[in-house]
Amino acid sequence: MFSRVRSQQGIAAAGVTLLGYGVMILSGVPGWVITYAVAALVVIAGELSLATRFAATGELLQKAGLGLVWRRFLRDLSVVLLTVSAVRPGVGATIAVLLLPAALWTVAVGTTALTRVVNGRAATPAFTRNIDLGAQRAVPVPPTWAQRLAGLRMPLLNVLLVPAAVVAALVDRVTPVVATGAVTLAAGLVVAAALALTWLRGRGRTSGVLPAVHAWMARERPEVVLYFAGPAKDVYQANMWLAPVEAAGRCAVVLLRADDAFRELADTRLPVVCVPAGVDFMNLDFSSVKVALYAANVGANIHLLREPGVKHVFVGHGDSDKQASVNPYSKVYDEVWVAGPAGRERYARAGVGVLDRNIVEVGRPQLAGVHTFGSGAPDHVFTVLYAPTWEGWLDDDPYHTSLVLMGDQIVAGLLAAGGVRVIYKPHPLTGTRSRKARAVHERIVARIRAAGGQLDAGPLDGPAHLVVTGRTPSLFDCFNATDLLVSDVSSVVSDFVQSERPYVVANPAGLPEDEFRRQFPTARAAYLLAADCGELEKILTVTRAGDDPLTEARRELKEYLLGPGGANPMDRFRDEIGRLCG
């Protein structure tokens, strides 16, 4: 509700501001000073609000072709009209009134081009972490104040012409406008001079980072690459493989393609290289690389898949019964690594062209830290983790997540049960595509806050309800504090089976239980929850009493989903890396 009101206020502010510009033009033609001054005050106040409180509305104006450049041009035009109409200066003064604002616009366009040249030369083509590249020759960059005023931001200076024009009209002299125009032009020329000096100082210099990365690759000769080309919002997909790759004991490097993902990557001791540009990336020396591990299917994977001497392996970011786990894109890899027999059978049922001989079962090495039993602390409060998946990409799948249809009811039921602690950990992408999902998420957070819960809490100890939306505590940390999981058809369920503790899978579509378990084998040992959440109270009663009839079914399902119980998945992962490295 608040966001809708705020949006309406922003639209109103934009409308009043645009109307003010129109009044400035119309009142400038006949020289109506008072009307012009009032409109100018409205415009200045409106622009301040669009730049701060209603920034989103300002962006909409930009997209509609009514951006700051056009609005500032109208402002300067109104200054010329008012000055010429009200003062009626001579020919020379009129030319000055016309040329001074135009000259600043010309300087602004020139500094736009110069800024691109200077910034392009100073731009870092690669980013690194945990790598000593030696001393790098610095490329000069313009002063911060010059960068802030350069380009099409420079005509902002001409706002000073507005009060100057009003004063000129009141005293019937052109001097205030000419003097102010000369000052703003001089300021623009100072900015241009600073940029030009920076360009001259940096002639012949380029960033030495990329050659240093080439030298590091040639010197260290990594055998294993963890490759991720997605954006920051998806970097959790790479984060889950950092520890296993580090523990594999091979010379490895993490290769990223997006600088925002580089900044958000979790802490690791592995060397990390981010090369955003495709041409720069493809010119790296991959002659030593034996194995490339891909955490996600994205288009930019082609820049490494083109390397013929590398074994390309899709490891994904979790096994689940969702369609994304059998993406036909997987045919491009030499091998597809899955956790257990369930992953192999999933590809066979899907018939997407991935050959059985190219599928390798390696377990889930990330789950080594997930405890098989719950907390034994004497003051432990029965804890339920609600971890819904996100809304997905497709609008025609309303049952992709339980959050929209059932989430609020699930959390309300858990909070009302008494003697139950709730941990709410939504998928990192929750609400990024669906406003409905975002709205339900916000309602759940508000509900938990009202129940005395903690938001973005750190430690998982204690009896308080928690909302966990950050990178830490991790999902697996939450598993270890959980007695009962409530989730959707997702890899969260598959991974939680490692704990052998009870779990609930939402069935928002209302499928018959047998059909649901047939379609989604990860739910074979789950309690199912229909859209009305009618079973929730009974499930809580059974699981809290410890009289759980599905205990043995979960043990059997664990081997089906994650592989043999006696095998160490980290050892299996390490062995398969060694096999491909030779």
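Residue numbers here run from 1 along each chain, matching the order of that chain's written sequence. Two thresholds apply to this predicted model, a pLDDT of at least 70 for residue-level local features and 80 or more for giving and counting side-chain atom pairs, whereas whole-chain, interface and lining totals are computed over all residues. As a rule here, side-chain values cover all heavy atoms of the structure and leave hydrogens and water aside.

1. What about the overall build of the protein?
So, step 1. Check the secondary structure of the protein and you find 22 helices and 15 strands.
So, step 2. C-alpha atoms of the protein, sized along the principal axes, occupy 95 × 60 × 45 Å.
So, step 3. Contacts are residue-level and defined by heavy atoms, with any inter-residue pair within 4.5 Å sufficient. Put simply, of all contacts in the protein between residues at least 6 apart along the chain, 69% involve residues at least 24 apart.
So, step 4. Using a 1.4 Å probe, accessible areas were evaluated by the Shrake-Rupley method; residue-level cover was limited to the displayed protein chains. Per element, the accessible surface of the protein, about 27,000 Å² overall, is 59% carbon and sulfur.
So, step 5. Distance from the positive charge centre (57 side chains) to the negative charge centre (51 side chains) of the protein: 11 Å. The way it works is that DSSP assigns letters per residue, a run of H or I at least four long becomes a helix, a run of E at least two long becomes a strand, and they are numbered from the N terminus. Neither His nor the chain termini are counted; the positive set is Lys and Arg, and the negative set is Asp and Glu. One atom stands in for each charge, and that atom is NZ of Lys, CZ of Arg, CG of Asp or CD of Glu.

2. Some thoughts on the sheet that holds strand β1 (residues 127-129)
The strands that make up a sheet are held in pairs by hydrogen bonds between backbone atoms, and each pair lies either parallel or antiparallel.
So, step 1. Strand order in the open sheet made by the 8 strands is β1-β4-β3-β2-β5-β6-β7-β8, with mixed pairing throughout. Because the sheet does not close on itself, it has two edges, and the strands there are β1 and β8 (359-361). Strand after strand, the sheet turns through a mean of 25 degrees between neighbouring axes, direction not considered.
So, step 2. Convention adopted: a line fitted to C-alpha atoms gives each axis, helices being fitted over their contacting stretch, and angles between N-to-C directions are expressed from 0 to 180 degrees. Set on the sheet, helix α10 (residues 236-247) makes contact with β2 (224-228), β3 (252-256) and β5 (291-294); between it and β2 the angle comes to about 165 degrees. We call two strands paired when DSSP finds no fewer than two bridges between them.

3. Re the environment of aspartate 321
So, step 1. Among the structural elements, aspartate 321 can be located in the loop between β6 (311-314) and β7 (335-338).
So, step 2. Each residue is placed in one exposure class: buried if its accessible area under a 1.4 Å probe, protein chains only, is under 20% of its type's maximum, exposed if it is over 50%, and partly exposed if it falls in between. Residue classification places aspartate 321 among the buried positions, given a relative accessible area of 13%.
So, step 3. Linking aspartate 321 and phenylalanine 520, residues 199 residues apart in sequence, is a C-alpha distance of 5.6 Å.
So, step 4. Leave out the neighbours within four places in its chain, and aspartate 321 touches Arg346, Val489, Phe520, Pro521 and Thr522.

4. A short note on the nonpolar core
So, step 1. Counting residues in each nonpolar core, the largest one holds 35 residues, and the members touching the most others are Leu293, Trp337 and Phe573.
So, step 2. Residue assignment for this core shows that the elements contributing at least two residues are β2, α10, β3, α11 (259-264), β4 (272-274), β5 and α22 (569-581).
So, step 3. With residues up to four places along the chain from it excluded, the contact list for tryptophan 337 reads Leu293, Val313, Phe314, Val315, Val360, Val362, Phe573, Glu576, Ile577, Arg579 and Leu580. In this description, a nonpolar core means a group of buried Ala, Val, Leu, Ile, Met, Phe, Trp, Tyr and Cys residues linked to one another through side-chain atoms lying within 4.5 Å.

5. Examining the pattern of salt bridges
So, step 1. Each reported salt bridge corresponds to a side-chain nitrogen of Lys or Arg within 4 Å of a carboxyl oxygen of Asp or Glu. Considering all chains together, one arrives at 22 salt bridges under this definition.
So, step 2. Put simply, glutamate 500 and arginine 555 hold a salt bridge, and the shortest N to O gap is 3.3 Å. Of the two residues, glutamate 500 sits in the loop between α18 (491-496) and β14 (503-507) while arginine 555 sits in helix α21 (residues 551-562), which places them 55 residues apart along the sequence.
So, step 3. For arginine 555, a relative accessible area of 37% translates into the label partly exposed.
So, step 4. The salt bridge involving glutamate 513 is made with arginine 517; its shortest N-O contact spans 3.4 Å. Highlighted residues: glutamate 513 and arginine 517, both in helix α19 (residues 513-519), separated by 4 residues, approximately one helical turn.
So, step 5. The class for glutamate 513 is partly exposed, based on a relative accessible area of 46%.
So, step 6. Among the charged side chains, a network of salt bridges with common partners joins Glu500, Glu552, Arg555 and Lys558.

6. Topic: the side chain of threonine 482
So, step 1. Within the element layout of this structure, threonine 482 appears in the loop between α17 (475-480) and β13 (484-487).
So, step 2. Given the relative accessible area of 0%, threonine 482 is considered buried.
So, step 3. Among residues more than four places away in sequence, those in contact with threonine 482 are Thr383, Leu385, Phe496 and Arg501.

7. Considerations on the sheet that holds strand β10 (residues 420-424)
So, step 1. Spatially, 7 strands are ordered β11-β12-β10-β9-β13-β14-β15 in an open sheet, and the strand pairing comes out parallel. The open sheet has two free edges, formed respectively by β11 (454-455) and β15 (527-530), since each of these has just one partner strand.
So, step 2. In the sheet, strand β9 (residues 382-387) pairs with β10 via 5 bridges, with the strands oriented parallel. Bridge pairing links threonine 383 to arginine 421 in β10.
So, step 3. Contacts from helix α20 (residues 536-545) reach β9, β10, β13, β14 and β15 within the one sheet, and its direction differs from that of β15 by about 160 degrees.

8. Structural notes on the pairing of β13
So, step 1. With burial as the criterion, each face of β13 is covered, one bearing Leu484 and Val486 and the other bearing Leu485 and Ser487.
So, step 2. Both β9 and β13 contribute to a ladder of 4 bridges, which runs parallel. When the bridges of β13 are listed, tyrosine 386 appears paired with valine 486.
So, step 3. By convention a crossover is right-handed if, when the strands point away from the viewer, the path from the first strand over the helix to the second runs clockwise. In terms of handedness, the path from β13 via α18 over to β14 forms a crossover that is right-handed.

9. What about unusual backbone geometry?
So, step 1. For the peptide bond that leads from threonine 472 to proline 473, omega is -5 degrees, which places it in the cis range.
So, step 2. Residue position: proline 473 is located in the loop between β12 (466-467) and α17.
So, step 3. In this model, arginine 88 sits at a positive phi of 50 degrees, which is unusual for a non-glycine residue.
So, step 4. Considering the arrangement of structural elements, one finds arginine 88 in the loop between α4 (68-87) and α5 (91-122).
So, step 5. We note that asparagine 130 has phi near 60 degrees; this positive angle belongs to a residue other than glycine.
So, step 6. Judged by its relative accessible area of 45%, asparagine 130 is partly exposed.

10. Digging into a nonpolar patch on the surface
So, step 1. Nonpolar side chains (Val, Leu, Ile, Met, Phe, Trp, Tyr) are joined into patches within 5 Å and like charges within 9 Å, using only residues with over 30% relative accessible area and no salt bridge. Together, Val69, Trp70, Phe73, Leu74, Leu77, Val109 and Leu152 line one region of the surface with nonpolar side chains, adding up to about 630 Å² of accessible area.
So, step 2. With 5 residues, the single largest contributor to the nonpolar patch is α4.

11. Quick look at the side chain of glutamate 47
So, step 1. Counting through the fold element by element, glutamate 47 comes out in helix α2 (residues 33-51).
So, step 2. Pairs of N or O atoms within 3.5 Å make up the polar contacts considered here, provided that, within protein, one atom can donate a hydrogen while the other can accept it, and that residues adjacent in sequence are counted only when both atoms are side-chain atoms. Among the polar contacts made by the side chain of glutamate 47, one reaches the side chain of arginine 71 at a distance of 2.7 Å.
So, step 3. When neighbours within four sequence positions are excluded, glutamate 47 is seen to be in contact with Thr17, Tyr21, Leu68 and Arg71.

12. What about the packing of aromatic side chains?
So, step 1. Any two of the Phe, Tyr and Trp rings considered here, Trp counted by its six-membered ring, make a pair once their centres fall within 6.5 Å; the pair's planes then place it as stacked at under 30 degrees, edge-to-face at over 60, or tilted in between. Summed over the entire model, instances satisfying the criterion amount to 15 aromatic pairs.
So, step 2. Aromatic pair tyrosine 227 and phenylalanine 281: ring centres 5.6 Å apart, planes at 65 degrees, arrangement edge-to-face. With tyrosine 227 in strand β2 and phenylalanine 281 in helix α12 (residues 278-282), this residue pair connects regions lying 54 residues apart in the sequence. Exposure class is identical for tyrosine 227 and phenylalanine 281. Each is buried.
So, step 3. The interplanar angle of 50 degrees and the centroid separation of 5.1 Å between the aromatic rings of tyrosine 294 and tyrosine 333 together place this pair among those described as tilted. Here tyrosine 294, found in strand β5, pairs with tyrosine 333, found in the loop between β6 and β7; they are 39 residues apart in sequence, far enough to count as distant.
So, step 4. Owing to a relative accessible area of 5%, tyrosine 333 belongs among the buried residues under this scheme.
So, step 5. Pairwise contacts between aromatic rings join Tyr227, Phe281, Phe286, Tyr294, Phe314, Tyr329 and Tyr333 into one cluster.
So, step 6. The ring of phenylalanine 281 is capped by arginine 257, whose NZ or CZ atom sits 4.4 Å from the centre of that ring. Placement of a positive charge over a ring is assigned whenever Lys NZ or Arg CZ falls within 6 Å of the ring centre and within 35 degrees of the normal to the ring plane.

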